[in-house]
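What follows is the residue order along each chain.
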Amino acid sequence: YGTALGAPFVALVAAAIAASIAYRQWKTAQNKLKFDLFDKRLELYEEIEGIVGAMINQGFNEDRYRQYRAAVKKLPWLFSQEVADYVNTHWEPCAKKYREVVEEIQGGKHDQEGVSALQRERKLLIVHIMEKVLPGFREQFAPYLKLSHF
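Below or above, wherever it landed, is the structure these notes cover. (Residues numbered from 1 in each chain as written. Predicted model: local features only at pLDDT ≥ 70, side-chain atom pairs only at ≥ 80, totals over all residues. Heavy atoms only, no water.)

## Quick word on the side chain of Glu 92
So, step 1. Looking at the secondary structure, you find Glu 92 in helix H4 (residues 81–107).
So, step 2. Not counting the four nearest positions on each side in its chain, Glu 92 is found in contact with Tyr 65, Tyr 68, Arg 69 and Val 87. (Helix = DSSP H or I, 4+ residues; strand = E, 2+ residues; numbered from the N terminus. Contact = heavy atoms within 4.5 Å.)

If you want it as structure tokens, here you go:
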């Protein structure tokens, strides 16, 4: 009677071990997918933040703006449409205004007083971006840049 139950018991234990290994492999694969998504999100976030920082610190140029637009197009795929909408409604107007002001300063069409006024406007815009836009920008991205799900 004991030997008749021995073979099914061994088979049951082997199946349980196999199921445990399969579950662990599945869980590892799930975590790898989550980490890969996190990694891509972090890379895109840092790319956008770097471009925005370069625009503010080193000046606006068309190449940076093209890089920015290319990066922003990826937002809905890696983050959400809400994040993309936030960036487009809060950062995009600032980028356009900043671009206009920088082009006016570089255009050479203004006297010293006009250039000074434009430079003050540029500084105020930078303060607005630093104090209002970037904190919200980071807040929008923050829920997607956590590894708490592991």
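## Quick look at the packing of helix H2 (residues 62–72) against H4
So, step 1. Contact pair H2 / H4: the axes reach a minimum separation of 12 Å and the direction vectors enclose 170°. Here H4 runs roughly antiparallel to H2, going by the angle between their axes. Residue-level contacts link Glu 62, Tyr 65, Tyr 68, Arg 69 and Val 72 of H2 to Val 87, Asn 88, Trp 91, Glu 92, Ala 95, Lys 96, Arg 99 and Glu 103 of H4.
So, step 2. Class assignment of the residues belonging to the contact of H2 with H4 gives a composition of 6 nonpolar, 1 polar and 6 charged. (Axes fitted to C-alpha atoms, helices over the stretch in contact; angles between N-to-C directions. Parallel < 35°, antiparallel > 145°, perpendicular 65-115°, else oblique. Nonpolar A, V, L, I, M, F, W, Y, C, P; charged D, E, K, R; others polar.)

## Here's the deal with a nonpolar patch on the surface
So, step 1. Taken together, the side chains of Phe 9, Val 10, Val 13, Ile 17 and Ile 21 make up a nonpolar region of the molecular surface, amounting to roughly 480 Å² of accessible area.
So, step 2. Inspection of the secondary structure puts Ile 17 in helix H1 (residues 2–58). (Patch = residues over 30% accessible without salt bridge, like charges linked within 9 Å, V, L, I, M, F, W, Y side chains within 5 Å. Areas by Shrake-Rupley, 256 points an atom, 1.4 Å probe, with all protein chains shown as cover. Salt bridge = Lys/Arg side-chain N within 4 Å of Asp/Glu carboxyl O.)

## Let's talk about the pattern of salt bridges
So, step 1. Applying the stated criterion across every chain, the model contains 6 salt bridges.
So, step 2. Here Glu 62 makes a salt bridge to Arg 99, at a shortest N to O gap of 2.6 Å. Here Glu 62 is found in helix H2, whereas its partner Arg 99 is found in helix H4, with 37 residues between them in sequence.
So, step 3. On the basis of relative accessible area, Arg 99 is assigned to the partly exposed category, the value being 25%.
So, step 4. Between Glu 92 and Arg 69 there is a salt bridge whose closest N-O contact spans 2.9 Å. With Glu 92 in helix H4 and Arg 69 in helix H2, this residue pair connects regions lying 23 residues apart in the sequence.
So, step 5. By relative accessible area, Glu 92 is classed as buried at 6%. (Buried < 20%, exposed > 50% of the residue type's maximum accessible area, 1.4 Å probe, protein only.)

## Quick look at the environment of Gly 136
So, step 1. Mapping Gly 136 onto the fold places it in helix H5 (residues 112–141).
So, step 2. The class of Gly 136 is buried, set by a relative accessible area of 13%.
So, step 3. Through-space distance from the C-alpha of Gly 136 to that of Leu 118 is 26 Å; in sequence the pair is 18 residues apart.

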